[in-house]
Amino acid sequence: MKINISDAQIRGAHVQLEGLSKVYSGGTVGVDAIDLAVAPGEILALLGPSGCGKTTTLRMIAGLITPSAGEILIDGTSIVSLPVHRRNLGMLFQNYALFPHMSVLDNVAFGLSMRGVAKAEIAERSREALRLVQLEALADRLPKALSGGQQQRVALARAIVYRPRLLLLDEPLGALDKKLRESMQLELRQLCAQLGLTMVLVTHDQEEALTLADRIAVMRGGRIEQVGLGREVYEHPISAFVANFIGTSNLVDARIVSRDGDVTVLETDQGQSIHSTTRHGFALGDAVTVSIRPEHVTLAPSGASASGPNSLEGLVTQAVFKGQNLAIHLRVPGGADFVCTIPVAMTGSAVPAAGQIWRMTWPADRTIVVSRA
Amino acid sequence: MNVAATPTLPRIEPAMLAQLLRGKASGVALVLPATAFLAVFFVWPVLQMIVLSVTQQRVEGVLIEGWTLDNYLRLFCNDLYFRVLLRTLRLAAASSVVAVLLAYPLAIAIARGGPGLARLVTITLVAPLLVNVVVRSYGWSAILNNAGALAYVLKATGLSASPPALLYTEWAVLIACVHVYLPFVVMPIATAIGRIDPSVEEAARVAGASRMMTFLRVTFPLSLPGLAVGASLAFSLTAAAYVMPQILGGNFSPLLGTLIEQQVLTLSDWPFGAAISTLLIIVVLAVNLVFIGLLSRRFSRWTGGAK
Amino acid sequence: MTSMNRRTFGKLALGTASLLAAPTILTRNAWAQGKEIQVGIWGGAQGEYVRSSIVPQFEADFGCTVITEEGFTLANVEKMRATRSNPQFSVMFIDDVAIPIARDEGLIAELPLDQMPASEMLFDRFNFGGYGTGLAISVASLFHNTSVTPPDSYGDLWDPKWAGKIKLVSPKNTPSVFFLIVAAALKTGKPFSEAQYEIGNAFDKVAELKPNVLNIFDNGPVAVGEVAQGQADIGFLELSKYVYPYTAQGAPVTMSFPKEGSFAGNNSQVLVKDGPNQDLAVAFMNRMLESDVQKAFSEFALTAPPVAGIEFSEEASKYMVYPDTAMDSAGLFTPDWEFVNANRAAWTEELNGIFSV
Amino acid sequence: MTDSVISLPIRILVLLLLLVIVAPLAVPMLMAFSDTPFLTFPPQGFTLRWFERVLFGPEAQTSFLFSLQLAFLATITALLLGVPAAAALVRYEFRGRSAIIGLMLSPVIVPLIVTGVALLQMFSSLGWGDTLTQLVIGHAVVCLPYVVRSVTASFVLVNRDLEDAAAVMGAPPHKVLTKIVWPQVRPGILAGAVFSFVVSFDDYPISMWLADGRHFPIPLYLHGLLERSIDPSIAAISTLVILFALLLVVVIEKVFGISIARLAT
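S.K.: How should I be thinking about the interface of chain D and chain B in this particular structure?
M.R.: Interfaces are often sized by the accessible area lost when the parts come together. Each partner contributes to the interface: chain D provides 95 residues, whereas chain B provides 99 residues. Taken together, the two surfaces of chain D and chain B that pack against each other cover about 8,100 Å², and 82% of this comes from carbon and sulfur. Among the residues of chain D in contact with chain B, Tyr92, Ile109 and His174 of chain D are the three that bury the most area, contributing 8% of the side total. Residues Asp202 of chain D and Arg136 of chain B are paired through a salt bridge, measuring 3.9 Å at the closest nitrogen-oxygen approach. If one sorts the elements of the side of chain D that touches chain B by residue count, helix H1 (residues 8-31) of chain D sits on top with 16 residues. By residue class, the composition of the side of chain D that touches chain B is 78 nonpolar, ten polar and seven charged.

S.K.: Where do I start with the sheet that holds strand E4 (residues 69-74) of chain A in this structure?
M.R.: Residue and element names in this part refer to chain A. Read from one edge of the open sheet, four strands run E2-E1-E4-E5, paired in antiparallel fashion. The sheet is open, and its two edges are formed by strand E2 (29-38) and strand E5 (77-78), each paired on a single side. Taken together, the six bridges between strand E1 (residues 15-23) and E2 define a ladder with antiparallel strand orientation. Residue pairing across strands places Leu20 opposite Ile34, the latter belonging to E2. Against the sheet, helix H1 (residues 54-62) touches E1, E2 and E4, its axis set at about 115 degrees to E1.

S.K.: Would you explain the environment of Gly47 of chain C in this entry?
M.R.: Residues and elements named next belong to chain C. Position of Gly47 relative to the elements: it lies in helix H3 (residues 44-62). Residue classification places Gly47 among the buried residues on the basis of a relative accessible area of 1%. For Gly47 and Pro258, which are 211 residues apart along the polypeptide, the C-alpha to C-alpha distance reads 30 Å. In this structure Gly47 touches Ile41 and Trp42, once residues within four positions along its chain are discounted.

S.K.: Would you mind going over the pattern of salt bridges with me for this structure?
M.R.: Opposite charge on two side chains permits pairing when their charged atoms draw close. Scanning the model with the defined rule gives 39 salt bridges over all chains in all. A salt bridge links Glu182 of chain A to Lys178 of chain A; the nearest nitrogen and oxygen atoms lie 3.1 Å apart. One end of the pair, Glu182 of chain A, and the other, Lys178 of chain A, are both in helix H5 (residues 178-195), four residues apart, so they sit about a helical turn from each other. Overall, the relative accessible area of 49% leaves Lys178 of chain A in the partly exposed class. Here Glu105 of chain C ties to Arg84 of chain C by a salt bridge, and the two come within 3.9 Å at their closest N and O atoms. Within this pair, whereas Glu105 of chain C is found in the loop between helix H5 (99-104) and strand E4 (108-109), its partner Arg84 of chain C is found in the loop between helix H4 (73-82) and strand E3 (91-95), the two being separated by 21 residues in sequence. Connected via shared salt-bridge partners are Glu128, Arg131 and Glu136 of chain A.

So, how was this worked out
Residues numbered from 1 in each chain as written. Chains lettered and ligands numbered in written order. Predicted model: local features only at pLDDT ≥ 70, side-chain atom pairs only at ≥ 80, totals over all residues. Heavy atoms only, no water. Contact = heavy atoms within 4.5 Å. Buried area = accessible area lost by both parts, 1.4 Å probe. Salt bridge = Lys/Arg side-chain N within 4 Å of Asp/Glu carboxyl O. Helix = DSSP H or I, 4+ residues; strand = E, 2+ residues; numbered from the N terminus. Nonpolar A, V, L, I, M, F, W, Y, C, P; charged D, E, K, R; others polar. Pairing = 2+ DSSP bridges. Axes fitted to C-alpha atoms, helices over the stretch in contact; angles between N-to-C directions. Buried < 20%, exposed > 50% of the residue type's maximum accessible area, 1.4 Å probe, protein only.

What follows is the structure in structure tokens.
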């Protein structure tokens, strides 16, 4: 029977985590009762700073760590009691974890030979998988003779050759340079879509999460802070932590002083007034943080009349050229620092320079109210 | 740099050490003391001993000088020495194989176990090394003899009414040799396993390999450099052993080491003792070279060239 | 060849120290002041007594230093050989077996017996042609667990009823020669004195004993202890000095003396040729032969003295064959060591061939 | 990060193996308390007099202290010779490198009894060196392979990037050596030192030839005891040596701050 990986569309697994916890023997809580669902064929990124529990969660799914409590369901069946090697998963590691003593082909063939597949078929399917990652020519090399990108592609071929329904990725591209990483990200996405694989990805790199994943789960201190589509999380972070972890935000601590329909009026700790028309769940008097993305701030020379409710003057401390954008750092009276980015093409003649005072304005519908910290 | 900040170091030293860290001739300078030391205090005296075996022989209890090959002819004229040589090789090989088999679980416990387990295993392996081999051999004899601890336990627990006679057999010698040389096998294997990236093993398990298959296909092959060192140590040390065959073998299974000791201490036949020693050295050296050569060539193909 | 080394400095320093410390001794043995000799002694009870009693008294009497080093006969001979060009020992304790070898190889010097007044009481048989003196005489014979009835004759030991119950002495040890003489005597029916020359033809007899042998022992005390524990019935054979200390302490092991006779194990002392401070060495050897020293030494180690005229308590004499007339009547045999030494390598090879499986 | 790498069956197997390793020591240890003048199992009665005899016997004390001194000096010598050699063997390519590696490890192959007497013969024909020096040299010869082996292994693992990084940050070579290289090779050197110490402390075949009455290492003393009579004081000494080994572990962990478990990794 001839099996062709690229032909065979797999229906990716449906993954559910229910109350999944890991408490280490010292009493440290690694993961604290998280619930999460991944749809078939979906790419989910677990994003967070180191120590947030994302890797522990991934390793619990893989079976490399035994959960202290909770369930891991794949297509509705619990796999918690299944040993690692019976879970039929694929996994990519940050350092590729290729078997140094086996040729590229043998690395790829490993999973198949563990599954007792006939020899001829192993050879055929392994070569097929290598063709898929465009490394067929290097089949007889040893891993040490390959570049980092090639090694990770071998690892990918090794992980998908036995057609797992779920692919786990542990910071898979962290060791590659930026260019290679970007092309690998696209390659991975394409391959997953092609194969219909479900993927769970662990990363601390928000850009990677945004590029690769359909949905992002931001983790913090063993819990999931927010889950959602990449754009949704970016545009509507629920906390200052998420707002700052995904993209850059100007964060200003404030208090809600009044509400009028869609319009919330806030007063910053320095006494300035800010208007927001975005939805949020806070009540009058709540201490909150206001998040404004740098690209939503427009700058005008000092003294120009305010064009909206949200307007602040600040002293330019730095102007940094970033290729397409110019990042302007300003300090407002009271000490808060702001960053705003303006497209280089739009700067015209009047470019803010250090030492000048400029006026910042931003729309109320881009003023996001999030919980503090 | 402020001199006052490092008052204990004389000014000349950094330059000297810089010299040591770089440069090619310095490599030679660093190995020279040890090489010279061994040349003078090891190679030279041992060569003198070997020369003895072709320049002297004992005839009817009296030393005769002059070039001779008789000491070596004697080795081949009597099948006793051939038998003992075979036994020595067999026992040394068995000892290193058994020691390697037992060493793996212990080495894995050291390299991959928690700190508590690793500590327990290391201490249990190393601390007994301070107790003299003779005492440990008598310890085994107290366990293995037919009125000993093993028989006592077997009888008391009703497991066996007539325990097998182990003392004064080659088995007893093998048991004791494995016991005494096991730590020298465990340590290099543990070091080798410790050097294997754990994620490589994890990758194997995720790819569908059971713990056993992961060990056989990944951990074991990657630990071969440690195995080579440990097995060759166990082989060499067992081949030259003479205490265990005496005490536990009841002298029924002498090894070349036993014969050397006998020639030297009982018969004062140094030339013949030196001839047996030369035979032993050559055989052990040959086995080591072949064994280590095979393994390391294999292994350097996998991992070498990285540096 | 020797330069002034640390040991020489040490001697000087020590000499000065004892000069100041012990002025009274100056009067009598002034010549020995500050001198140092090294004596190779045996381990075991004998060595313990020499080190803890005899040496301190001797050092006090002569204001000298005696360094003792424990070893056994053949290792001690080997040390003399290895240090032949630059002797470090002055006196060596070795068994009579090695005296002819040491003499022929020029390792030892003839004794100035005229300077050793205590040697007057020495039985003639223990002066070894002037190249050494006896120190302690043991009997070599069978030893057995007291729950076992020992055989009257060595020949009984070949009986299948002893299968796997005999501990046989290793060719490494001197009593192994006695075993070979026994085997030759049984094979030929001749007395020991003649049988010893026919050992070469007696190895088929030796091989016949093999099924009865549990193991071959190197270490006498260990073997005696194991027989006491009942691991084997009988030991074939060992010197009384290793057996009787156990018997005296109440362990269930003792010796038996088959009708064919037993053997003498003669612990002796020799003077190392060109060893340091020969005069002091001779004085030390003389001290070893003095009656009161010999009496105490013998009672401690349960051996018989080589000198005449010592009275022993009944308790002590139980363990020794003394004086020389008693040795003769007990049939204590001393082999022709020169013949033995010339053939021992070949015999050992034969024994190895028979017993190694 | 990963828990339970070692499965339960392996864990049980390891514990069983440890039991077997300890047994031939535990049995003599039990016998050390036996109130009989010979070794017997099971022990009969209970007494501490063998310990008394060993602890307060001047000979046992002197031998023990001398063995400590000897093992210490031999280890230092082996380290002084072996550590630079191991470093050079890893770091430099020069002609005859593999021959020198072979030489460094060869004392393990030659029967110790031969090495011992060969040394005695040489020392005595040269009339050179006092007994202690001779013993230290003899022991250093047999300790050297263990040091070279462990230290070579640790030097192979040293991350050269760290050295370059430190040098770039302005660390002079001696600082690189003490701050960067030393911490990385320290466990290997310690492992070599421990094995060297143990090998020297337990050595009989070399000491047998080179020792004299004033320099009498503990294995010779033990053999002397065995020649004398087999009484439980031998068991008592072994028990004390084991306790001493455990004390040594504490010292290594507290003073050098290295977990004993890292000896191998």
